[in-house]
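Observations on chain architecture
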Amino acid sequence: MVIGLIRHGETDWNAEKRIQGQKDIALNENGIRQAKALAEYLRQDPWDAIVASDLTRAMTTAETIAAACGISRVYSDRRLRERYYGDIEGTTLAEREKVWGEHWRDFDHRIESDEAVRARGIVAIRDYTERLTVGRILFVSHGSLIRQVLADLLPEQEIGVIHNTSLTVLERSDGRWACKTFNCVQHLKK
């Protein structure tokens, strides 16, 4: 079993460093270009299926990849959505500091926990890897969810920032996941 974890293309809110969370923000022009570049890059290897968060930025990225790779259907799954960021969705750091001060993190903003994000991401991936009778599945999601899934599947891997349209490829053998490609954005260098 091989899975590819992909973060959606850039949005205006990404460019503005504004927390999107589960707000449904579309790709910007650069994000569409990134999705097309990744789609061309992915054509070199056969992929059997693609599953995406139901948010527009992930679905548009997935549909672009599916069209280029000859995948006839994109499965949509809300469990692959970005973390819910509660009261701080739609804000920049400067806006958060203006409202709550420099210690804004100390307040309860109703942000979804790491454990909750990780659990729903892992369950969704497990469901599709068990249900689909194929060997290579792409999952298009969001930075925070991908970081949490990787923390579970690859506990020894240092994660850091997950880049827009980055590709991380994992292969499962003997019940364990091994990382073959991590946070790759080679397709954006052309």
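The structure under discussion appears in the preceding block.
To keep things clear, this report deals only with the structure shown in the data block. (Residues numbered from 1 in each chain as written. Predicted model: local features only at pLDDT ≥ 70, side-chain atom pairs only at ≥ 80, totals over all residues. Heavy atoms only, no water.)

Attention now moves to the overall build of the protein. When helices and strands are tallied, the protein shows 6 helices and 6 strands. Ordering the α and β elements of the protein from the N terminus gives β-α-α-β-α-β-α-α-β-α-β-β. Projected onto its principal axes, the C-alpha coordinates of the protein cover approximately 50 × 35 × 25 Å. A burial count over the protein gives 51% of its 190 residues as buried. A separation of at least 24 residues holds for 71% of the contacts in the protein among residues at least 6 apart in sequence. For the protein, the computed accessible surface area is about 9600 Å², with 45% contributed by carbon and sulfur atoms. Positive and negative side-chain charges of the protein, numbering 28 and 29 respectively, have mean locations separated by a distance of 3 Å. (Helix = DSSP H or I, 4+ residues; strand = E, 2+ residues; numbered from the N terminus. Buried < 20%, exposed > 50% of the residue type's maximum accessible area, 1.4 Å probe, protein only. Contact = heavy atoms within 4.5 Å. Areas by Shrake-Rupley, 256 points an atom, 1.4 Å probe, with all protein chains shown as cover. Lys, Arg positive; Asp, Glu negative; His and termini not counted. Charge placed at Lys NZ, Arg CZ, Asp CG, Glu CD.)

With mixed pairing, the 6 strands of this open sheet are ordered in space as β3-β2-β4-β1-β5-β6. Edge positions in the sheet fall to β3 (74-76) and β6 (176-184), since each of these pairs with one other strand and no more. Direction aside, the axes of adjacent strands within the sheet are offset by 20° on average. Of the strand pairs in this sheet, strand β5 (residues 167-173) and β6 are connected by 6 bridges, and their pairing is antiparallel. When the bridges of β6 are listed, leucine 167 appears paired with cysteine 184. Most of the contacts of helix α2 (residues 29-42) go to β5, to which it runs at about 35°, and overall it touches β1 (2-7), β4 (136-141), β5 and β6. (Pairing = 2+ DSSP bridges. Axes fitted to C-alpha atoms, helices over the stretch in contact; angles between N-to-C directions.)

In this section: the pairing of β5. Pairing of β1 with β5, which is carried by 5 bridges, proceeds in the antiparallel orientation. If you follow valine 2 over to β5, its bridge partner there is glutamate 171. The hairpin formed by β5 and β6 contains 2 residues between the paired strands, and aspartate 174 there has a positive phi angle of roughly 55°.

This brings us to helix α6 (residues 143-153). Most of α6 sits inside the fold, with 8 of its 11 residues counted as buried. Burial in α6 covers these residues: Gly143, Ser144, Leu145, Ile146, Gln148, Val149, Leu150 and Leu153. Packing partners of the buried residues in α6 comprise β1, α5 (114-131), β4, β5 and β6.

Moving on, we come to the nonpolar core. Across soluble globular proteins, nonpolar side chains show a tendency to be buried alongside one another. If you look at the biggest cluster of nonpolar residues, it comprises 24 residues, and the most contacted ones within it are Ile3, Leu5, Phe139, Leu150, Leu153 and Leu170. Listing elements by their share of this core, those giving two or more residues are β1, β2 (49-52), α5, β4 and α6. If near-sequence neighbours (up to four positions away) are discounted, leucine 170 is found in contact with Met1, Val2, Ile3, Leu5, Leu150, Leu153, Leu154, Trp177, Ala178 and Cys179. Of all hydrophobic cores here, the second largest spans 21 residues; its members include Val2, Ile65, Ala66 and Leu138. (Core = buried A, V, L, I, M, F, W, Y, C linked by side-chain atoms within 4.5 Å.)

One side chain can pair with another of opposite charge once the charged atoms of both are near each other. Inspection of every chain in the model, using the stated rule, returns 11 salt bridges. Where aspartate 54 meets arginine 78, a salt bridge forms, and the shortest distance between an N and an O atom there is 3.9 Å. Of the two residues, aspartate 54 sits in the loop between β2 and α3 (56-69) while arginine 78 sits in the loop between β3 and α4 (93-100), which places them 24 residues apart along the sequence. Here aspartate 54 falls in the partly exposed class, since its relative accessible area comes to 25%. With a relative accessible area of 53%, arginine 78 lands in the exposed category. Residues joined by salt bridges that share partners form a network here, namely Glu16, Arg18 and Glu95. (Salt bridge = Lys/Arg side-chain N within 4 Å of Asp/Glu carboxyl O.)

So, to be careful, I would describe these as geometric facts and stop short of saying anything about function.
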